[in-house]
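A structural walkthrough
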Amino acid sequence: MSPPPSGVNAQLRQLIHYHLDNGFLENALFLAGRLHAFESRSADASHLIALCNLRLGRYKAAFDYSRSKALQSQHLGCAYVFAQACLALEKYDLGAQALEKARNLWTGRNHWSKRVMAAKHGRRC
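Numbering of residues starts from 1 in each chain and follows the order in which that chain's sequence is written. Given that this is a predicted model, residues contribute local features only at a pLDDT of at least 70 and side-chain atom pairs are listed and counted only at 80 or more, while totals for whole chains, interfaces and linings are drawn from all residues. Calculated side-chain values reflect all of the structure's heavy atoms, with hydrogen atoms and water omitted.

Some remarks on the overall build of the protein
Here a helix means four or more residues in a row that DSSP labels H or I, a strand means two or more in a row labelled E, and each is numbered from the N terminus. A count of helical and extended segments in the protein gives eight helices and zero strands. Reading the protein from its N end, one meets helices and strands in the order α-α-α-α-α-α-α-α. Burial statistics for the protein: of 125 residues in total, 35% are counted as buried. Any two residues whose heavy atoms approach within 4.5 Å are treated as being in contact. Counting only contacts in the protein whose residues sit at least 6 apart along the sequence, the fraction spanning at least 24 positions is 47%. What sets the accessible areas is the Shrake-Rupley method with a 1.4 Å probe; for residues, cover comes only from the shown protein chains. Taken as a whole, the protein presents about 8,100 Å² of accessible surface, with 53% of it coming from carbon and sulfur. For every residue, the accessible area (1.4 Å probe, protein chains only) is compared with the maximum for its type, and the residue is labelled buried under 20%, exposed over 50%, or partly exposed between those bounds.

Considerations on the pattern of salt bridges
Salt-bridge detection follows one rule: a side-chain nitrogen of Lys or Arg within 4 Å of a carboxyl oxygen of Asp or Glu. All chains considered together, the criterion is met by four salt bridges. Across the salt bridge formed by E39 and R13, the nearest N and O atoms sit 2.6 Å from each other. Here R13 lies in helix α1 (residues 6-21) and E39 lies in the loop between α2 (25-38) and α3 (43-55), a separation of 26 residues in the sequence. The class for R13 is partly exposed, based on a relative accessible area of 22%. Measuring nitrogen to oxygen at the nearest pair gives 2.8 Å for the salt bridge that ties E100 to R103.

Some thoughts on the packing of α3 against helix α4 (residues 59-71)
α4 packs onto α3 with a crossing angle of 160° between their chain directions and a minimal axis gap of 8 Å. Classified by the interaxial angle, the pair formed by α3 and α4 is roughly antiparallel. With respect to the hand of their crossing, α3 and α4 are arranged in left-handed fashion. Together, A43, S46, I49, A50, N53 and L54 of α3 and Y59, A61, A62, Y65, S66 and K69 of α4 make up the contact between the two elements. Basically, the charged four are Asp, Glu, Lys and Arg, the nonpolar ten are Ala, Val, Leu, Ile, Met, Phe, Trp, Tyr, Cys and Pro, and anything else, Gly included, counts as polar. Here the residues of the contact of α3 with α4 sort into eight nonpolar, three polar and one charged. Here an axis means a line fitted to C-alpha atoms, over the contact stretch when the element is a helix, while the angle between two N-to-C directions is reported on a 0 to 180 degree scale. Note that the term roughly parallel is reserved for angles under 35 degrees, roughly antiparallel for angles over 145, roughly perpendicular for angles of 65 to 115, and oblique for everything else. Throughout, a crossing is termed right-handed when the near helix is turned clockwise from the far one, and left-handed when it is turned anticlockwise from it by less than a right angle.

Digging into the nonpolar core
For our purposes a nonpolar core is just a set of buried Ala, Val, Leu, Ile, Met, Phe, Trp, Tyr and Cys residues, chained together by side-chain atoms within 4.5 Å. Core analysis: the biggest nonpolar cluster contains 26 residues, and I16, L20, L35, C52, A70, V81 and F82 have the highest contact counts within it. Residue assignment for this core shows that the elements contributing at least two residues are α1, α2, α3, α4 and α5 (76-88). Considering every element that reaches this core, the biggest residue donor is α3, with seven residues. If sequence neighbours within four positions are ignored, L20 has contacts with L25, A28, L48, L51, C52 and R55.

Focus: α4
Here the bend at a residue means the angle between the axes of two seven-residue stretches, the one that ends at it and the one that starts at it. Y65 marks the point of greatest bend in α4, at about 40°. If you follow the buried residues of α4, they end up packed against α3, α5 and α6 (92-101). Remark: S73 follows α4 within two positions and exhibits a positive phi of approximately 45°.

Some details on the packing of α4 against α5
Remark: α4 packs on α5, axes separated minimally by 8 Å, with the N-to-C direction vectors making an angle of 135°. The angle between α4 and α5 places the two elements in the oblique class. Like other packed secondary-structure pairs, α4 and α5 cross with a definite hand, here left-handed. Note on element contacts: α5 touches α4 through C78, A79, V81, F82, A85, C86 and A88, opposite Y59, A62, F63, S66, R67, K69, A70 and L71. By residue class, the composition of the contact of α4 with α5 is 12 nonpolar, one polar and two charged.

As far as function goes, none of this settles anything; it's purely spatial.
In structure tokens form, the structure reads like this:
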């Protein structure tokens, strides 16, 4: 089977986000399954199918889909979903380890502490 054109994958992603945003979780999961079948190595596809499962309360499935990308710190969204699934499955250490490994993906992007410090000293950012 030849891979679908990249426009199809982009449209699938857009539809998944639409269904997630509007609470049509089963539809989002169905579409995410199709996207994951097309792009099984993609961290974004793994994140979307894991997120759908997490929102549906299917914590073990969310754990399984996000595990490899989270533990390799390849995708911040996968690390977050994995940590949330670990929380629900009472695997606290694994979730904390994944977030610690992904620290380099989110540190330096948050300017909140700089704004708080500047406000304390009367400066503007």
